[in-house]
Amino acid sequence: MSINSVLERNKELFWNIIGSFGVKGLAMVVNILCLPAYIDYFPNQIILGVWFTIISVLNWVLTFDLGIGNGLRNLIVNPLSNNDYNKVKEYISTAYVTIGAICLSLSFIFYFSVKFLNWNEILNISSDLINSNTLTNSILLILLAVLLQLFLRLIVSILYALQKTAISNSISLISNSLILIFLLTYKEEDVSIALTSLSLVYIFAINIPLVIASLFVFVFTNLKKSRPNINFYRREYSSSIVKLGLMFLTIQISLLIINSTNEFVIAKFYSPKDVVSYQAYFKIFSAYLLFFSLLTIPIWSAITKAFEENRILWIRKIYNYLNMVGILFIVLIVTTIFFFKEIISIWIGTGIVEIEFSTTILVGVYYMIMIFIYSANCVANGISKLKPQLIINIFAAVLKIPLIIVLSKYYEHWNIVIIVNIIIMFPALIIQPFQNKKELNNKIIELNNYGN
C-alpha cells in the first residue's frame, strides 16, 4: 500500500495531523518566546526557577483523574462510530460526575495540606527572596487553576476521540499566548506582587480556552445530543471507565515521576537557578517530541477504531510509517545538538544560561529514545494492551530517585538527572516494539482461526 493510498483512505486523519502541525508550530513559537519573557519578568533566576518548579509540581495533581480522560477517549470511539449518541452521553456524563467528585475531594485535602507545609524549605528558597505567605498564596492560586483544569480538560479527551486534535492543540496555544501577552505587557518590581499577579493570570489563561472548547463541542457539534447531564450518570459505566483508566493512571503517575520531577530534583539537590538552564534545553529538544506527538495523538484513536474493525495490516503499516518519520526527527535532533549554542544565543542571548556540549548530547539522546517509545506506545494505547508499558514505567519510576541519589555522589552536575532518565527508559525502547509485534501477530492468528 502506497503512502498516497493510505492518505486517500484517511483524509480526515491526514488533514487533522496537518492542522495540528500548523497549530503546534504557532504554539512552539509562543513557547520559545515565553522563556526570555519569563527571564525579563523575573530578573532573579532563582525566583524564576521556583516558578517553574511550582508549576511542574502542582501539575502532578492532573494525574489524580484516575486516567478517566484516557479511559473515556477509548470507550466512546465505538459508540461514536455507530452514532449511538445516547450511549456516548452516558459515558460522558459519568466521566464528568466522577471527575467532579474527585476535584471536590482533592480541593479540601490539598487546601489544608498546603497551609501547613513550609514551602520555602521544600523549594530551597530563602524567605528573604519570597516570604512564606506570598509563596503559600501563590501555590494555592495555582492549585485552584490546576483543579479547575482537571475537571475541564475532559473535553480534550473527547476531542481526541472525535479526531479533532487540531482543535485540542489550539487550547494550549491560546493559554500560552495569554500568558505571553501578560509577561510582555505587565511589569512589577515587587517580587511578591509579580508572583501573585502571574498566579492569578495563570488561573484564567489555563481554563478559559477549555471552557470555550467545551461550549463549542456541546453546542455546535453532533455531541450537543450528548452534552453531560447528571441524570445520565451510570455507575456501571463508571467502573468500566475507571478500570481502563486506572491502567492509564498508573502509567501517567510513572511518567510523572520520570518526566515531571526533573525540575523539583534539580532545585532540591542542586539549585533553583539550574532549573532555568534545564528549561532552556527542555524547551528546544522537547519541541521535537511535541511535534512527533502530533502524529501519535490522532493516530491513537484511529488505531483504536481500526483494531475494533480488525484492520491489523493497516495498523502495522501506520506503525512502520511512524518509525520512518521518527528517523527524520532523529536527524533533526542530531543537527540541533551541533548548533545548540548558536540557537540559544539567538533565542535568549549569550551568557544568560550556561550551555555545555555534554549536556546537549545527553538531552538529545534522551529525546531520540523517547521519539521511538512514543511511536510504540501509540500502538499499545490504541489497542488497549497496556500491561508491558505499565510494568516498564513502574520499574523506571521506582528506580529514578534512588539512582539519582547514588550516582550523584560520583557526579556533581545536574546532568545526572538526564543520565538516569536515559538508563531507566532504554528498556522500553526494546520491549514495547517486541510486544506490539507479538500482540498484532496473535490478533491475525485469532482472526485466521475464526475465519476457518
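Residue positions are given per chain, counting from 1 as you read along its sequence in written order. The predicted nature of this model means local features are confined to residues of pLDDT at least 70 and side-chain atom pairs, given and counted, to a pLDDT of 80 or more, with totals for whole chains, interfaces and linings taken over all residues. Calculated side-chain values reflect all of the structure's heavy atoms, with hydrogen atoms and water omitted.

Visitor: Could you give me a rundown of the overall build of the protein chain, with the residues and numbers involved?
Guide: A run of H or I in DSSP becomes a helix once it reaches four residues, and a run of E becomes a strand once it reaches two; helices and strands are each numbered from the N terminus. Check the secondary structure of the protein chain and you find 19 helices and 0 strands. Residue exposure (1.4 Å probe, protein chains only): buried if accessible area is under 20% of the type maximum, exposed if over 50%, otherwise partly exposed. In the protein chain, which comprises 452 residues, the proportion classed as buried is 53%. Any pair of residues with heavy atoms lying within 4.5 Å of one another is described as a contacting pair. Taking the contacts inside the protein chain whose residues are at least 6 apart along the sequence as the reference set, 85% of them involve residues at least 24 apart. To be clear on the numbers: accessible area is Shrake-Rupley with a 1.4 Å probe, and residue cover counts the displayed protein chains and nothing else. In the structure as shown, the protein chain presents an accessible area of about 20400 Å², 65% of it carried by carbon and sulfur atoms.

Visitor: An account of the pattern of salt bridges is requested, with residue identities and associated values reported.
Guide: The term salt bridge refers to a side-chain nitrogen of Lys or Arg lying within 4 Å of a carboxyl oxygen of Asp or Glu. Within the structure shown, the criterion is met by 3 salt bridges. One salt bridge in this structure joins Lys187 and Asp40, with 2.6 Å as the shortest N-O distance. Taken together, the residues span a long stretch of sequence, with Lys187 in the loop between α10 (165-185) and α11 (191-220) and Asp40 in helix α2 (residues 11-41) at a distance of 147 residues.

Visitor: Account for empty space enclosed by the protein, with residues named and values stated.
Guide: Grid spacing is 1 Å over the protein atoms alone, the probe is 1.4 Å, and a cavity is where that probe fits but cannot get out, while a pocket is an open set with protein on both sides within 12 Å along at least five of seven lines and lining residues have an atom within 4 Å of a point. Grid points are joined across faces, edges and corners, and a volume is the space filled by probe spheres set on the points. Counted according to the given criterion, the structure contains 2 cavities of 30 Å³ or more. Here the second largest cavity is characterised by a volume of approximately 40 Å³. In terms of lining, the second largest cavity is formed by Ile373, Asn377, Gln389, Ile392, Asn393, Met425, Ala428 and Gln432. Taken together, the elements giving at least two residues each to the lining of the second largest cavity come down to α17 (357-382), α18 (387-407) and α19 (415-451).

Visitor: Would you mind going over a nonpolar patch on the surface in detail, with residue names and values included?
Guide: A cluster of nonpolar residues, Val334, Phe338, Phe339, Ile343, Phe357, Ile361 and Val365, forms a patch on the protein surface that exposes about 590 Å² of accessible area. Those elements that provide at least two residues to the nonpolar patch are α15 (312-338) and α17. If one sorts the elements of the nonpolar patch by residue count, α17 sits on top with 3 residues. Among the secondary structure elements, Phe339 is positioned in the loop between α15 and α16 (340-348). Exposure above 30% relative accessible area and the lack of any salt bridge qualify a residue for a patch; like charges then connect within 9 Å, and the nonpolar side chains Val, Leu, Ile, Met, Phe, Trp and Tyr within 5 Å.

Visitor: How would you sum up α11? Please name residues and give values.
Guide: The span expected for a helix works out to 1.5 Å for each residue beyond the first. For α11, which comprises 30 residues, the first-to-last C-alpha distance of 44 Å matches the rise-based estimate of 44 Å (1.5 Å per residue) to within 8%. A residue's bend is simply the angle between two axes: one fitted to the seven residues ending at it, one to the seven starting at it. At Asn207, α11 shows its maximal kink, close to 25 degrees; a proline, Pro209, follows between one and four residues later. For α11, the N-terminal capping position is held by Asp190, with its side-chain oxygen 2.9 Å away from the main-chain nitrogen of Ser192. The definition of a polar contact used here is a pair of N or O atoms within 3.5 Å, where within protein one atom must be able to donate a hydrogen and the other to accept one, and adjacent residues in sequence count solely through side-chain atom pairs.

Visitor: Explain unusual backbone geometry to me, and be specific about the residues and the numbers.
Guide: Located in the positive-phi region is Asn83, a residue other than glycine, with phi close to 55 degrees. Along the chain, Asn83 turns up in the loop between α5 (77-81) and α6 (85-116). Using a relative accessible area of 52% as the deciding quantity, one classes Asn83 as exposed. The phi dihedral of Asn310 is positive, around 60 degrees, even though this residue is not glycine. Along the chain, the position of Asn310 falls in the loop between α14 (272-308) and α15. We classify Asn310 as partly exposed; its relative accessible area is 36%.

Visitor: I'd like a rundown of the packing of aromatic side chains, residues and numbers included.
Guide: Put simply, two rings from Phe, Tyr or Trp (the six-membered ring, in Trp's case) pair if the centres are within 6.5 Å, and we call them stacked under 30 degrees between planes, edge-to-face over 60, tilted for the rest. Applying the stated criterion across every chain, the model contains 16 aromatic pairs. Ring pairs connect the aromatic residues Tyr278, Tyr281, Phe282, Phe285, Phe340 and Trp414, which therefore count as one cluster. Only when the NZ of Lys or the CZ of Arg is both within 6 Å of the ring centre and within 35 degrees of the ring normal is a charge said to sit over the ring. Stacked on the ring of Phe307, the Lys or Arg Lys443 has its end atom at 5.0 Å from the ring centre.

Visitor: Before we move on, can you summarise the nonpolar core with the specific residues and values?
Guide: Counting 144 residues, the largest nonpolar core has Trp51, Leu135 and Ile315 as its most contacted members. Sequence-distant contacts of Leu135, that is, excluding residues within four places in its chain, are made with Val50, Ile54, Trp119, Asn120, Leu123, Ile125, Ile130 and Leu195. Throughout, nonpolar core names a set of buried Ala, Val, Leu, Ile, Met, Phe, Trp, Tyr and Cys residues whose side chains join them through atoms within 4.5 Å.

Visitor: An account of the environment of Asn86 is requested, with residue identities and associated values reported.
Guide: Following the sequence through the fold, Asn86 ends up in helix α6. Owing to a relative accessible area of 43%, Asn86 belongs among the partly exposed residues under this scheme. Asn86 sits 146 residues away from Phe232 along the chain, and the two C-alpha atoms are 9.0 Å apart.

Visitor: I'd love a proper account of helix α3 (residues 45-58), names of residues and values included.
Guide: When the terminal C-alpha atoms of α3 are compared, their 20 Å separation across 14 residues agrees well with the 20 Å that a helix rising 1.5 Å per residue should span. A large share of α3 lies buried, amounting to 13 of its 14 residues. For α3, the capping residue at the N-terminal end is Asn44, with a side-chain oxygen 2.9 Å from the backbone nitrogen of Ile46.

Visitor: Give me the lowdown on the packing of α3 against helix α8 (residues 132-152), citing residues and values where you can.
Guide: Running from N to C, α3 and α8 point in directions that differ by 40 degrees, and their axes come no closer than 10 Å. In terms of orientation, α3 lies oblique with respect to α8. As α3 runs across α8, the sense of the crossing is right-handed. Residues Val50, Trp51, Ile54, Ile55 and Leu58 of α3 touch α8, and the partners they reach there are Leu135, Ile139, Ile142, Leu143 and Val146. Among the residues making up the contact of α3 with α8, the classes are represented as 10 nonpolar, no polar and no charged. All axes are obtained by fitting lines to C-alpha atoms, using only the stretch in contact for helices, and the reported angles, taken between N-to-C directions, cover 0 to 180 degrees. Angular relationships are summarised with four words: roughly parallel below 35 degrees, roughly antiparallel beyond 145, roughly perpendicular across 65 to 115, and oblique for the angles in between. In this scheme the crossing of two helices becomes right-handed for a clockwise turn of the near helix relative to the far one and left-handed for an anticlockwise turn of less than a right angle. When residues are sorted by character, Ala, Val, Leu, Ile, Met, Phe, Trp, Tyr, Cys and Pro go into the nonpolar class, Asp, Glu, Lys and Arg into the charged class, and all the rest, Gly among them, into the polar class.

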